[in-house]
Amino acid sequence: MATKKGEGDTVETVKLNKFANTFKSGSFTVAKDVTGNMANETDQFEIAVTLTSAKPIGTTVTLAGTEVAPSSWTKTEGKEEWTYTATLNYSEAGGAKTFSNIPTGVVATVAENTSTEKMNGYTYVSTKIGSENFTSLSIADDTNAAIVVTNDNSTSVETGITMDSVPYILLLAVACVGLVLFFVKKRSAREY
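In this text the structure is predicted, and so the values were computed from the model without any measurement.

## A word on the overall build of the protein chain
Phase 1: If you tally the helices and strands in the protein chain, you get two helices and 14 strands.
Phase 2: Out of the 192 residues belonging to the protein chain, those deemed buried represent 25%.
Phase 3: Total accessible area on the protein chain is roughly 13300 Å²; 53% of this is exposed by carbon and sulfur atoms.

## Some details on the side chain of Glu46
Phase 1: With respect to the helices and strands, Glu46 occurs in strand 4 (residues 45–53).
Phase 2: Not counting chain neighbours up to four residues away, the residues in contact with Glu46 comprise Thr87, Leu88, Asn89, Ala111, Glu112, Asn113 and Lys118.

## Brief notes about the pattern of salt bridges
Phase 1: Counted under the stated rule, the structure contains three salt bridges.
Phase 2: With a closest N to O distance of 3.0 Å, Glu112 and Lys32 form a salt bridge. Taken together, the residues span a long stretch of sequence, with Glu112 in strand 10 (residues 107–112) and Lys32 in strand 3 (residues 25–35) at a distance of 80 residues. In this structure, Glu112 and Lys32 share a single accessibility class: buried.
Phase 3: Salt-bridge contacts for Lys118 lead to Glu46; the nearest nitrogen and oxygen are separated by 3.4 Å. Highlighted residues: Lys118 in helix 1 (residues 116–119) and Glu46 in strand 4, separated in sequence by 72 residues.

## Brief notes about the nonpolar core
Nonpolar side chains in soluble globular proteins tend to be buried together.
Phase 1: Ranked by internal contacts, the top residues of the largest apolar core, which has 25 residues, are Phe28, Val30, Val49 and Leu51.
Phase 2: Contributions of two or more residues to this core are made by strand 3, strand 4, strand 5 (61–63), strand 8 (82–90), strand 9 (96–103), strand 10 and strand 14 (144–152).
Phase 3: Ranked by residue count, the leading element in this core is strand 8, at four residues.

## A word on unusual backbone geometry
Phase 1: Phi is positive for Ala64, close to 50°, though the residue is something other than glycine.
Phase 2: Note that Ala64 resides in the loop between strand 5 and strand 6 (66–68).
Phase 3: Residue classification places Ala64 among the partly exposed positions, given a relative accessible area of 28%.
Phase 4: Non-glycine residue Asn101 carries a positive phi angle of around 60°.

## Some words on the pairing of strand 9
Phase 1: Summarising the sheet, strand 3 and strand 9 pair through six bridges and their orientation is antiparallel. Looking at the pairing, Thr29 lines up with Thr98 of strand 9.
Phase 2: Sheet analysis places strand 5 next to strand 9, joined by two bridges and oriented antiparallel. Each bridged residue has a counterpart across the sheet, and for Leu63 the counterpart in strand 9 is Phe99.

## A look at the environment of Ile147
Phase 1: Inspection of the secondary structure assignment puts Ile147 in strand 14.
Phase 2: Ile147 sits in the buried class, given a relative accessible area of 0%.
Phase 3: Every residue in contact with Ile147, bar those within four places of it in the chain, is listed here: Phe28, Thr29, Val30, Ala31, Val110, Thr127, Lys128, Ile129, Phe134 and Leu137.

## Topic: the side chain of Asp43
Phase 1: You can see Asp43 is positioned in the loop between strand 3 and strand 4.
Phase 2: At 10 Å, Lys32 is the nearest oppositely charged side chain to Asp43, a buried residue that forms no salt bridge.
Phase 3: Looking at Asp43, its side chain comes within polar contact range of the side chain of Tyr122, at 2.7 Å.

Rules used in this analysis
Residues numbered from 1 in each chain as written. Predicted model: local features only at pLDDT ≥ 70, side-chain atom pairs only at ≥ 80, totals over all residues. Heavy atoms only, no water. Helix = DSSP H or I, 4+ residues; strand = E, 2+ residues; numbered from the N terminus. Buried < 20%, exposed > 50% of the residue type's maximum accessible area, 1.4 Å probe, protein only. Areas by Shrake-Rupley, 256 points an atom, 1.4 Å probe, with all protein chains shown as cover. Contact = heavy atoms within 4.5 Å. Salt bridge = Lys/Arg side-chain N within 4 Å of Asp/Glu carboxyl O. Core = buried A, V, L, I, M, F, W, Y, C linked by side-chain atoms within 4.5 Å. Pairing = 2+ DSSP bridges. Lys, Arg positive; Asp, Glu negative; His and termini not counted. Polar contact = N/O pair within 3.5 Å; in protein donor to acceptor, adjacent residues only side chain to side chain.

Set out below in structure tokens:
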């Protein structure tokens, strides 16, 4: 609003511009998948989801069911950057955690703790959005991405039986030699 003096010292109020206050946000999910013959759906994994913003966050975001207030974000020293990291424990294959009400422009990264004691004998395979490898996600209006972290626990199970053909060829050779000896001995017994 601005004031403008009119004729005869009357004050007239003139509206200059309209102010549109909009909030645009997006969401994403992080799911865990395990593969392999020794995979167990109840094994636990630790995954850190970090959100980084170039400006202060003024709204509450919801991270896997937990509301995060604006005061929970940490300003990086010497930078105009605010971050929040949520460390989640996944205890079921396909167990998805949803992150919602995230302002546009925030960048999300996902990193699994791949230390030996946290991997439970698994090998990290990939972090993907669909068929694409995931590095980071910039939240846009109405983003609804699904990020899947996959680990594998495959082990070669020894059965004690060698499956190559050498033992079978040797058995066949011994049987043939035995058969030849049997017939030679039988023939020599008839001649006497």
